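Per-entry structural report
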Amino acid sequence: MKYADFPLLGRRPFTEFSISGVLEPEPAELGEWTAARWVFERTSVPRERVEWWYHGASRLWFLVRRDTGSDTILAIEPARTGSRS
Amino acid sequence: MSLRLLKYAFIEDYAEPCWFNTPATLGESYDVIIIGAGGHGLACAHYLAHDHGINKVAVLDRSYLGGGNTGRNTTIIRSNYLTPEGVAFYDASLALFRDLSDALDTNIFYSERGHYTLAHNESTLRTARWRAEVNKHYGIDSEVVDAEEVARAVPGIDLACGGNHAVEGALYHAPGAVARHDAVAWGYARQASRAGVEIHQHTEVTDILVEGGRVTGVVTPRGTVRAGAVLSAVAGHTPSVLAMVGLNSPIEIFPLQACVTEPVKPWLDTIIVSGSLHLYVSQSARGEMVMGASLDPAELHSRRSSFEFVSGLADGMLDLFPGMAGLKVNRQWAGMADMTPDFAPVMGTTPVAGFYLDAGWGTWGFKATPISGKTMAATIANGRDDPLIRAFNLSRFDDFSLVGEKGAASIGH
Ligand SMILES: Cc1cc2nc3c(=O)[nH]c(=O)nc-3n(C[C@H](O)[C@H](O)[C@H](O)COP(=O)(O)OP(=O)(O)OC[C@H]3O[C@@H](n4cnc5c(N)ncnc54)[C@H](O)[C@@H]3O)c2cc1C
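What counts and how
Residues numbered from 1 in each chain as written. Chains lettered and ligands numbered in written order. Predicted model: local features only at pLDDT ≥ 70, side-chain atom pairs only at ≥ 80, totals over all residues. Heavy atoms only, no water. Helix = DSSP H or I, 4+ residues; strand = E, 2+ residues; numbered from the N terminus. Buried < 20%, exposed > 50% of the residue type's maximum accessible area, 1.4 Å probe, protein only. Contact = heavy atoms within 4.5 Å. Domains from an automatic or database assignment. Buried area = accessible area lost by both parts, 1.4 Å probe. Polar contact = N/O pair within 3.5 Å; in protein donor to acceptor, adjacent residues only side chain to side chain. Nonpolar A, V, L, I, M, F, W, Y, C, P; charged D, E, K, R; others polar. Salt bridge = Lys/Arg side-chain N within 4 Å of Asp/Glu carboxyl O. Phe/Tyr/Trp six-rings, centres within 6.5 Å; stacked < 30°, edge-to-face > 60°. Lys NZ or Arg CZ within 6 Å of the ring centre and 35° of its normal. Axes fitted to C-alpha atoms, helices over the stretch in contact; angles between N-to-C directions. Parallel < 35°, antiparallel > 145°, perpendicular 65-115°, else oblique. Expected span 1.5 Å × (residues − 1). Core = buried A, V, L, I, M, F, W, Y, C linked by side-chain atoms within 4.5 Å. Disulfide = S-S within 2.5 Å. Pairing = 2+ DSSP bridges.

What to know about the overall build of chain A
Helix and strand counts for chain A come out as 1 helix and 6 strands. Secondary structure of chain A in N-to-C order comes out as β-β-β-α-β-β-β. Dimensions of chain A, computed from the C-alpha atoms along their principal axes, are close to 45 × 30 × 15 Å. With 85 residues in all, chain A has 25% of them scored as buried. Within chain A, residue pairs in contact and separated by at least 24 positions form 42% of the contacts whose partners lie at least 6 positions apart.

Pasting the structure below:
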């Protein structure tokens, strides 16, 4: 099982978290066409990206930088008010 | 068969001809280049030659033939889908599968087993009834059966399921089948090859050439190859190939894992799926129990397998089949599933002229191998989407006209 050190929580197994999407800037203007792209399009190539991780038991959200090619965690920080996608 | 084997014992040169030819050199140009020698790419090559007389075709694969999801799936074939488009498409695939051993002159071990989707609660049973009605409306053999019926058909099942989530009934689909996935890929490869198609393994496409909005060829470490039509049939590598022509899609790559136990005497002759327990199982012709579970929880471009997968699977499987507790798991593996938001494929023409897409096969594409090959070949030969796949075009995400098949997915996501 894979573990990582989470701020506020300590060492936790990944299975305790649900991963719900990528931190990405919202488009400045959302017309019908750009909205469709924003809703559906994904950049699913191996890369580093920042993801929203939710820890159910503590109800805490984290921003996790992960490499989706090698599955390595590069950085973890607690999400704060103002962190937004 | 045995006589043929005996004959080989007495001859010096092994006489079985190679299943497909691999020319030493890669040509400078072809009519059609197919990226990906999985079942889908090879089937398309076969039907291009067989149905349309187009045989100046090269199938290129970065690795070995059938080594992608084609050789990694659990081979379940069924057509009890939820949308009219899906039902018509998958049923046409089943019809081709039934005659495929003859058509390809290759025994694909097609074996109709019957397919039970167990319902452990009232809401799943409701979805089962809905699916059965949609299926029947389109002439598919599909019905809801009660728990006693399940007990009669499935030896060794614990209907109480460990006391936590009793089986209340099931959606039963009599035509549900399994087949040998390697045989499907090799059969298509052999027929395509006999018709003049070239198959080049270990030939990765690293870039695609587009001039004035039109595809003109591909780049490989073995040189640049020209073609007016290029098909991408690369499943788990689709986003990277789309990036080569500047296209985006909603496809996301998640690992899907499976495993087999040591072989045992035949005892389970149906296919069992439980959406609530997130697992499914069937017994292979060799006696192994072939098992799978949900998608991994996070996007990943790797085929690593995990202990969480087997332990989680065993947890639910032993609730359902306590008798399997003594079985050992022999092998486990993963494939990279190309998931779409509506659980339908992405097929056909694209905004780049001459560039065709066959993707979004996620966890469900093996059963579509024959019909996707046939419809993509027709699409390429005619330069426009075959009627059977029109609803699956990439443009549906711009038009918000999705094809919702999630309710018919076998496994948890
Ligand atoms: C564990 C598991 C279980 C499954 N179970 C079922 C099931 O029971 N029933 C079902 O219907 N479906 C199932 N599926 C889904 C099914 O396996 C796939 O949808 C189907 O096999 C896809 O076939 P394909 O030919 O499109 O892709 P693949 O077989 O993956 O072939 C794609 C090929 O493209 C090659 N390639 C990639 N990039 C490049 C490049 N740049 N240049 C050259 N070549 C490239 C790869 O090497 C690969 O050989 C399962 C999948 C998995 C992983």
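Comments concerning the domain arrangement of chain B
Residue and element names in this part refer to chain B. The domain architecture assigned to chain B consists of domain 1 (26-73 + 182-251 + 342-409) and domain 2 (115-174 + 252-338). Just the C-alpha atoms count here: the centres of domain 1 and domain 2 sit 30 Å apart. Listed by partner, the interface residues are 18 residues for domain 1 and 13 residues for domain 2. Between domain 1 and domain 2 the total buried area reaches about 1200 Å² when both faces are included, carbon and sulfur atoms providing 52% of it. The largest per-residue losses of area from domain 1 upon contact with domain 2 belong to Arg72, Gly236 and Ile251, which jointly make up 39% of the total buried on that side. Here domain 1 is connected to domain 2 by 7 residue pairs in polar contact (both at pLDDT 80 or more). In the side of domain 1 that touches domain 2, the residues fall into 7 nonpolar, 10 polar and 1 charged.

Digging into the pattern of salt bridges
In this structure the tally under the stated criterion is 25 salt bridges over all chains. Taken together, the salt bridges that share partners define one network made up of Lys2(A), Arg49(A), Glu51(A), Arg66(A), Asp71(A), Asp296(B), Glu299(B) and Arg304(B).

Thoughts on the packing of aromatic side chains
Centre-to-centre distance and the angle between the planes together describe a pair of aromatic rings. This model, assessed by the stated rule, comprises 21 aromatic pairs over all chains. Arranged with centres 6.1 Å apart and planes meeting at 40°, the rings of Phe6(A) and Trp53(A) form a pair that is tilted. Here Trp53(A) lies in strand S4 (residues 48-55) and Phe6(A) lies in strand S1 (residues 3-6), a separation of 47 residues in the sequence. Ring centres of Phe6(A) and Phe62(A) lie 5.3 Å apart, and the angle between their planes is 70°; this geometry places the pair in the edge-to-face category. Taken together, the residues Phe6(A) in strand S1 and Phe62(A) in strand S5 (residues 60-67) connect sequence positions 56 residues apart. Grouped by ring-pair contacts, the aromatic residues Phe6(A), Phe14(A), Phe17(A), Trp53(A) and Phe62(A) constitute a single cluster. The ring of Tyr30(B) carries the charged tip of Lys56(B) above its face, separated from the ring centre by 5.4 Å. A cation over an aromatic ring shows up here: Arg190(B) above the ring of Trp19(B), its NZ or CZ 4.0 Å from the ring centre.

With respect to unusual backbone geometry
Phi is positive for Asp71(A), which is not a glycine, with a value near 60°. Mapped onto the fold, Asp71(A) is located in the loop between S5 and strand S6 (72-78). Taking relative accessible area as the criterion, Asp71(A) reaches 12% and is therefore assigned buried. The backbone phi angle of Cys161(B) is positive, close to 55°, even though this residue is not glycine. A relative accessible area of 0% places Cys161(B) in the buried class.

Digging into the packing of helix H3 (residues 84-98) of chain B against helix H10 (residues 369-382) of chain B
All names here are of chain B. Look at H3 against H10: their axes get within 7 Å of each other, and the N-to-C directions meet at 105°. Put simply, H3 runs roughly perpendicular to H10. Each of Phe89, Ala92, Ser93, Leu96 and Phe97 in H3 lies in contact with H10, whose residues at this interface are Thr369, Pro370, Ile371, Ser372, Lys374 and Thr375.

A word on the interface of chain A and chain B
Listed per partner, the contact involves 20 residues of chain A and 20 residues of chain B. Both faces considered, chain A and chain B share a buried interface measuring about 1800 Å² in area, 55% of it formed by carbon and sulfur atoms. Together, Phe40(A), Arg42(A) and Ser44(A) form the three largest contributors to the area buried by chain A at its contact with chain B, with a combined 36%. Linking chain A with chain B are 4 salt bridges, by the criterion used here. In this structure, Asp71(A) engages Arg304(B) in a salt bridge whose closest nitrogen and oxygen atoms are separated by 3.8 Å. At the junction of chain A with chain B, the criterion picks out 9 residue pairs in polar contact (both at pLDDT 80 or more). At 5 residues, the largest contribution of residues to the side of chain A that touches chain B is made by helix H1 (residues 32-40) of chain A. Among the residues making up the side of chain A that touches chain B, the classes are represented as 7 nonpolar, 5 polar and 8 charged.

With respect to helix H9 (residues 307-320) of chain B
A rise of 1.5 Å per residue sets the reference length of H9(B), with its 14 residues, at 20 Å; its end C-alpha atoms lie 20 Å apart and thus fit the reference within 8%. Contact partners of the buried residues in H9(B): strand S5 (115-119), strand S13 (252-261), strand S14 (271-274), strand S15 (279-283), strand S16 (289-295) and strand S17 (329-339) of chain B.

Thoughts on H3(B)
Over its 15 residues, H3(B) extends 21 Å from the first C-alpha to the last, a length consistent with the 21 Å expected when each residue adds 1.5 Å. Those residues of H3(B) that fall on the buried side of the exposure criterion are Gly86(B), Val87(B), Phe89(B), Tyr90(B), Ser93(B), Leu94(B) and Phe97(B).

Regarding the environment of Glu308(B)
Within the fold, Glu308(B) resides in helix H9. C-alpha separation for the pair Glu308(B) and Asp296(B), spaced 12 residues apart in sequence, amounts to 9.7 Å. The residues touching Glu308(B), leaving out its near neighbours within four places in the chain, are Met1(A), Lys2(A) and Thr15(A).

Considerations on the nonpolar core
A general tendency of soluble globular proteins is for nonpolar side chains to be buried together. All names here are of chain B. By size, the foremost hydrophobic cluster in this structure holds 61 residues, and its most contacted members are Ile34, Leu42, Leu48 and Phe89. Here this core takes 7 residues from helix H2 (residues 39-52), the largest share from any one element. Two domains share this core, each providing at least three of its residues, namely domain 1 (26-73 + 182-251 + 342-409) and domain 2 (115-174 + 252-338). For Phe89, the contacting residues outside a window of four places in its chain are Met347, Trp361, Ala368, Ile371, Ser372, Thr375, Leu388, Ile389 and Phe392.

A look at the state of the cysteines
Summed over the entire model, instances satisfying the criterion amount to 0 disulfides over all chains. With no disulfide partner, Cys259(B) has as its closest neighbouring cysteine sulfur the one in Cys161(B), 17 Å distant.

Topic: the sheet that holds S6(A)
All names here are of chain A. In spatial order, the strands read S3-S4-S5-S6; together these 4 strands make up an open sheet with antiparallel pairing. Only two strands of the sheet have a single neighbouring strand rather than two, namely strand S3 (17-22) and S6. Averaged over all pairs of adjacent strands, the angle between strand axes in this sheet comes to 30°, irrespective of strand direction.

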